[in-house]
Amino acid sequence: GAVVSQHPSWVICKSGTSVKIECRSLDFQATTMFWYRQFPKQSLMLMATSNEGSKATYEQGVEKDKFLINHASLTLSTLTVTSAHPEDSSFYICSAWAYSGRAGTDTQYFGPGTRLTVL
Amino acid sequence: GEDVEQSLFLSVREGDSSVINCTYTDSSSTYLYWYKQEPGAGLQLLTYIFSNMDMKQDQRLTVLLNKKDKHLSLRIADTQTGDSAIYFCAGGDMRFGAGTRLTVKP
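By convention here, each chain's residues receive numbers from 1 onward along its written sequence. The order in which chains are written sets their letters, starting at A; the order in which ligands are written sets their numbers, starting at 1. In view of the model being predicted, local features appear only for residues whose pLDDT reaches at least 70, and side-chain atom pairs are presented and counted only at 80 or more, with totals across whole chains, interfaces and linings using the full set of residues. The basis for every side-chain value is the complete set of non-hydrogen atoms in the structure, without hydrogens or water.

## Let's talk about the overall build of chain A
Next, step 1: On a plain count of helices and strands, chain A comes out with zero helices and 11 strands.
Next, step 2: Secondary structure follows DSSP: runs of H or I at least 4 residues long count as helices, runs of E at least 2 residues long count as strands, and numbering of each begins at the N terminus. In chain A, the succession of α and β elements from N to C terminus is β-β-β-β-β-β-β-β-β-β-β.
Next, step 3: Relative to the globule expectation of 14 Å for 119 residues, the C-alpha radius of gyration of chain A, 14 Å, shows essentially globular dimensions.
Next, step 4: The classification of residues rests on relative accessible area computed with a 1.4 Å probe and restricted to protein chains. Under 20% of the type maximum is buried, over 50% is exposed, and intermediate values are partly exposed. Counting across all 119 residues of chain A, residues that qualify as buried make up 50%.
Next, step 5: In chain A, once contacts between residues fewer than 6 apart in sequence are set aside, the share between residues at least 24 apart is 54%.
Next, step 6: All tallies of charge rest on Lys and Arg as positive and Asp and Glu as negative; His and the ends of each chain are not included. Where a charge lies is defined by one atom per residue type, namely NZ (Lys), CZ (Arg), CG (Asp) and CD (Glu). Side-chain charges in chain A split into 10 positive and 9 negative, and the spacing between the mean points of these groups amounts to 5 Å. Atoms counted for the radius of gyration: C-alpha only. Globule rule: 2.2 Å times the number of residues to the power 0.38. Whether two residues are in contact is decided by their heavy atoms: any pair within 4.5 Å suffices.

Take a look at the structure:
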């Protein structure tokens, strides 16, 4: 079945460095992908909607210069956390919809998440 | 944006029905969603309902939508221990509620 993968699954970096997280749809094309972050024992917070071939749409309060999103192909979106700081430590999750062409049967798939720890 | 609210905890006995409730503010959502997150596992889309429907049934799951009151519920019939998880509702703009932790006691 359709799968969304993320790489890396976990990363530890020093404060001030940048980290890139990849999100891939493995056997379907995803014109739109969503990026979330989840704090321990909390809900998902939508960060941005990634659109293939165009600029991402960021949620209020999310710094677009801090969290760079590139959706260069129909199967790949990347999130780069620039100049990461300890407060950026979180669990980042991407998702994508697989459209079947029949209303009500589309399915959303989530990546397994990337745990970022900034020292 | 949409505010989505859920109660945080629900505990039921195995075999009973579980009802998880959600309220939302944005009435323009075309679809409303329910997700499941099991411990140590990724998120899973459980089901979703089109906003012009008031009920959708999928095996043990029943979704009820009251548009007038902006209230969404998920009923799990014959709840099993494997249903223990966190359940999130979300509106059409992909914003999630805080999640309801369902605990099923044997």
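## Structural notes on the packing of aromatic side chains
Next, step 1: In this scheme Phe, Tyr and Trp rings, the latter by its six-membered ring, pair at centre separations within 6.5 Å, and the angle between planes marks the pair as stacked below 30 degrees, edge-to-face above 60, and tilted otherwise. Under the counting rule described, the total for this entry stands at 16 aromatic pairs over all chains.
Next, step 2: Taking the centre distance of 5.7 Å and the plane angle of 90° together, the rings of A:Trp97 and B:Tyr48 count as edge-to-face. In this pair, A:Trp97 is assigned in strand E9 (residues 90-98) and B:Tyr48 in strand E5 (residues 43-50), connecting two distinct chains. Each member of the pair, A:Trp97 together with B:Tyr48, is buried.
Next, step 3: Between B:Tyr31 and B:Phe50 the ring centres are 5.0 Å apart and the planes differ by 45°, which places this aromatic pair in the tilted class.

## Let's talk about the confidence of the model for chain B
Next, step 1: The quantity called pLDDT is the predictor's confidence in a given residue, expressed from 0 to 100. Of all residues in chain B, 98% have pLDDT values of 70 or greater, and the mean over the chain is 91.
Next, step 2: When mean pLDDT is taken per element in chain B, strand E2 (residues 9-13) of chain B scores highest with 97 and strand E1 (residues 4-6) of chain B scores lowest with 90.

## Describing the interface of chain B and chain A
Next, step 1: Tallying the contact residues gives 16 residues for chain B and 15 residues for chain A.
Next, step 2: Summed over both partners, the interface of chain B with chain A buries about 1300 Å², with 57% contributed by carbon and sulfur atoms.
Next, step 3: The three residues of chain B that bury the most area against chain A are B:Leu43, B:Tyr48 and B:Met94, which together make up 39% of that side's buried surface.
Next, step 4: Put simply, a salt bridge is a Lys or Arg side-chain nitrogen that is within 4 Å of an Asp or Glu carboxyl oxygen. Run the count over chain B and chain A and you get one salt bridge.
Next, step 5: A salt bridge links B:Arg95 to A:Glu59; its shortest N-O distance comes to 2.1 Å.
Next, step 6: Pairs of N or O atoms are called polar contacts if they sit within 3.5 Å, as long as, within protein, a hydrogen donor faces a hydrogen acceptor (for residues adjacent in sequence, only side-chain-to-side-chain pairs). Connecting chain B to chain A are five residue pairs in polar contact (both at pLDDT 80 or more). Take the accessible area each of two parts loses on contact, using a 1.4 Å probe, and add the two losses: that sum is the buried area.

## A look at the pairing of strand E7 (residues 61-66) of chain B
All names here are of chain B.
Next, step 1: Note that strand E6 (residues 55-58) and E7 share four bridges and pair antiparallel. Paired with Met55 across the bridge in E7 is Leu64.
Next, step 2: What sits between E6 and E7 in their antiparallel hairpin is a turn of two residues, with Gln59 showing a positive phi close to 55°.
Next, step 3: Strands qualify as paired when DSSP identifies two bridges or more between them. Judged from the six bridges that link them, E7 and strand E8 (residues 71-76) form a sheet pairing that is antiparallel. Counted as the bridge partner of Leu64 is Ser73 from E8.

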